[in-house]
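Results of the structural survey
So you can see what is in the structure, the chains are spelled out below.
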Amino acid sequence: MSIDLKTLFNLPKQINLILPSKTKDGLDINLDLIIKEFLLKMTKIFGGCNIQNNITGAFKMQDGSIMIENNAIIEAFCEENKDLKDFLELCLYLKSQYQQEAVAFKINGVLYFC
């Protein structure tokens, strides 16, 4: 028995969203609560997702200071032609609700900031 990949259902677009553990002012955010909230929100948008947790990241802030924090990366997949309006609105919500200088996300390996 052989399987032809061309005949299998696939989701070619990969979406990764970095979830923060600090505000732009360096105040702690409960990352566990954000993970739970965004697992639900991303699943509603994409039908499913997964999390990579306890990732340490460093970011150069606009004022030149370096912010080091633990992050989580939430990952989802979708059809190539999926409208990402709801996802982009979710990114703007993350930026304002959790007081971020910027929100980083990747689509098929390309990094974007909003």
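So, here's what we can say about the structure. All residue numbers refer to positions counted from 1 along the written sequence of the respective chain. Residue-level local features of this predicted model are given only where pLDDT is at least 70; pairs of side-chain atoms are given and counted only at 80 or more, and the full residue set underlies all totals for whole chains, interfaces and linings. To get the side-chain values, take all heavy atoms of the structure and skip hydrogens and water.

**Here we look at a nonpolar patch on the surface**
Patch criteria: residues need more than 30% relative accessible area and no salt bridge. Like-charged residues are merged within 9 Å; nonpolar side chains of Val, Leu, Ile, Met, Phe, Trp and Tyr are merged within 5 Å. Surface exposure here means Shrake-Rupley accessible area, sampled with a 1.4 Å probe, where a residue is shielded only by the protein chains that are shown. Note on definitions: salt bridges are taken to be side-chain nitrogens of Lys or Arg within 4 Å of carboxyl oxygens of Asp or Glu. Taken together, the side chains of Ile-3, Leu-5 and Leu-8 present a nonpolar region at the surface, about 340 Å² in accessible area. Relative accessible area decides the class of each residue, using a 1.4 Å probe on protein chains only: under 20% of the type maximum gives buried, over 50% gives exposed, and in between gives partly exposed. On the accessibility criterion, Ile-3 (63% relative accessible area) is exposed.

**Regarding unusual backbone geometry**
Phi angles above zero are rare outside glycine, and Asn-54 is one such case at about 60 degrees. Helix and strand assignments come from DSSP, with helices taken as H or I runs of at least 4 residues and strands as E runs of at least 2, each series counted from the N terminus. Within the fold, Asn-54 resides in strand E2 (residues 50-60). Residue classification places Asn-54 among the exposed residues on the basis of a relative accessible area of 63%. Phi is positive for Gln-99, close to 50 degrees, though the residue is something other than glycine. Within the secondary structure, Gln-99 sits in the loop between helix H2 (85-97) and strand E4 (104-107). Using a relative accessible area of 40% as the deciding quantity, one classes Gln-99 as partly exposed.

Honestly, that's just the spatial picture; any functional story needs more than this.
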